[in-house]
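Observations on the three-dimensional arrangement
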Amino acid sequence: MPRKALYNVEEVLEQAISVFLEHGYHGAAMDEIIARTDFNRRGFYIEFGSKQQFLYIVLAHYQEQHLSKAFSHLEHNQGMLSIQGFFTEYIDLVKGRGCLLINIITELGFDDLKIRDIGRHYLDRLQIDFIGCLEKAQKLGEIRQDINIESTGLQLCSYVQGFAVNGILAGDTDELMLATQAILGPLKPE
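Heads up: these notes are all about the structure in this document. Remember, predicted model here, so these are calculated numbers, not experimental data.

1. Points about the overall build of the protein
A count of helices and strands for the protein gives nine helices and zero strands. In the protein, the order of α-helices and β-strands from amino to carboxyl end is α-α-α-α-α-α-α-α-α. For the protein, the proportion of contacts with a sequence separation of at least 24, taken over those separated by at least 6, is 67%. Summing over all exposed atoms, the protein offers an accessible surface of approximately 10,400 Å²; the carbon and sulfur share of this is 53%. When the 17 basic and 26 acidic side-chain charges of the protein are each reduced to a single mean position, those positions are 4 Å apart.

Take a look at the structure:
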């Protein structure tokens, strides 16, 4: 009769997020991953196969459980309310920690095609969602009519990536909220 697993995969993945945020992929030693996730080495390799495969699973979990909360605001497509909701949620996620997905893309994106594909999909989705919300905001009269929606969507995507890095440096300050207000303020009609 097979033995029941003595671990909760969700808890393991949450612990791994912290390890990868603290050390990056290359800096995360297998000994620490094993210790912090309460796995034994053999069980880890049976469950996940390799450190690299484990990272892909951790990233999928991070997107589903953490980034999806921010994206849900954009997907409701309520114009500026959705964009502001996204930034509020995203800032809360990255404050003092950074964004695991952006950190890993920065670290491995040149060498790992799967990471590059994950990153490209993320950025495309983000830009499309921003464009949809900006179009809605324009229809509602929440932003100026002369704004180029596509380039503004791209600009907001770029800010999000910068926020991911600045979130580490800004810590618990309100810098990112102030930056969000500065970014979105000029879009409003006069």
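2. What to know about helix α8 (residues 149-170)
The periodicity of an α-helix, 3.6 residues per turn, causes residues three or four positions apart to be oriented the same way. Compared with the 32 Å implied by 1.5 Å per residue over 22 residues, the 29 Å span of α8 between its first and last C-alpha is a close match. Along its length, α8 reaches its greatest deviation from straightness, about 30 degrees, at A164. Along α8, the residues classified as buried are I149, T152, G153, L156, C157, V160, Q161, F163, A164, G167 and A170. In this structure, the buried residues of α8 make contact with α5 (80-94), α6 (100-108), α7 (113-139) and α9 (175-184). Two to three positions downstream of the cap, the backbone nitrogen of E150 sits 3.1 Å from a side-chain oxygen, assigning the N-cap of α8 to N148.

3. As for the nonpolar core
Counting residues in hydrophobic clusters, the biggest one holds 61 residues, and the most contacted among them are F20, F54, I83, Y90 and F130. A per-element tally of this core places helix α4 (residues 51-75) first, with 10 residues. Once you skip the residues sitting within four places of it in the chain, I83 turns out to touch L74, F130, C133, L134, L156 and L184.

4. Some points on the environment of F130
Looking at the secondary structure, you find F130 in helix α7. Judged by relative accessible area, F130 falls into the buried class, the value being 0%. When the C-alpha positions of F130 and Y90 are compared, they lie 14 Å apart, and in sequence the two are 40 residues distant.

5. Section: the side chain of T37
Along the polypeptide, T37 turns up in helix α2 (residues 30-37). Of note is the side chain of T37, whose polar atom sits 2.6 Å from the backbone oxygen of I33. In contact with T37, not counting residues within four places along its chain, are V12, Q15 and A16.

6. Re the pattern of salt bridges
What the rule picks out here adds up to six salt bridges. Here the residues in one salt-bridge network are E22, E32 and R36, joined through shared partners.

7. Here we look at the packing of α5 against α7
At a minimum axis separation of 7 Å, α5 and α7 run at an interaxial angle of 140 degrees. One way to sum up the angle between α5 and α7 is to call them oblique. In contact with M80, S82, I83, F86, F87 and Y90 of α5, α7 contributes Y122, L126, F130, C133, L134 and A137. Taken together, the residues of the contact of α5 with α7 sort by class into 11 nonpolar, one polar and no charged.

8. Focus on the environment of L93
Looking at where L93 falls in the secondary structure, it is placed in helix α5. A C-alpha to C-alpha distance of 8.7 Å links L93 and G167, two positions 74 residues apart in sequence. Apart from residues lying up to four places away in sequence, L93 is in contact with Y62, H66, L67 and G98.

9. Considering the packing of α8 against α9
One can describe the packing of α8 onto α9 by two numbers: an axis separation of 10 Å at closest approach and a directional angle of 160 degrees. Judged by the inter-axis angle, α8 sits roughly antiparallel to α9. In the packing of α8 onto α9, the handedness of the crossing is right-handed. Across the interface between the two elements, L156, Y159, F163, N166, G167 and A170 of α8 pack against E175, L176, A179, T180, I183 and L184 of α9.

Basis of the calculations
Residues numbered from 1 in each chain as written. Predicted model: local features only at pLDDT ≥ 70, side-chain atom pairs only at ≥ 80, totals over all residues. Heavy atoms only, no water. Helix = DSSP H or I, 4+ residues; strand = E, 2+ residues; numbered from the N terminus. Contact = heavy atoms within 4.5 Å. Areas by Shrake-Rupley, 256 points an atom, 1.4 Å probe, with all protein chains shown as cover. Lys, Arg positive; Asp, Glu negative; His and termini not counted. Charge placed at Lys NZ, Arg CZ, Asp CG, Glu CD. Expected span 1.5 Å × (residues − 1). Bend = angle between axes of the 7 residues up to and from the residue. Buried < 20%, exposed > 50% of the residue type's maximum accessible area, 1.4 Å probe, protein only. Polar contact = N/O pair within 3.5 Å; in protein donor to acceptor, adjacent residues only side chain to side chain. Core = buried A, V, L, I, M, F, W, Y, C linked by side-chain atoms within 4.5 Å. Salt bridge = Lys/Arg side-chain N within 4 Å of Asp/Glu carboxyl O. Axes fitted to C-alpha atoms, helices over the stretch in contact; angles between N-to-C directions. Parallel < 35°, antiparallel > 145°, perpendicular 65-115°, else oblique. Nonpolar A, V, L, I, M, F, W, Y, C, P; charged D, E, K, R; others polar. Left-handed = near helix turned anticlockwise from the far one by under 90°.

Scope: geometric values only; no functional claims are made or implied.
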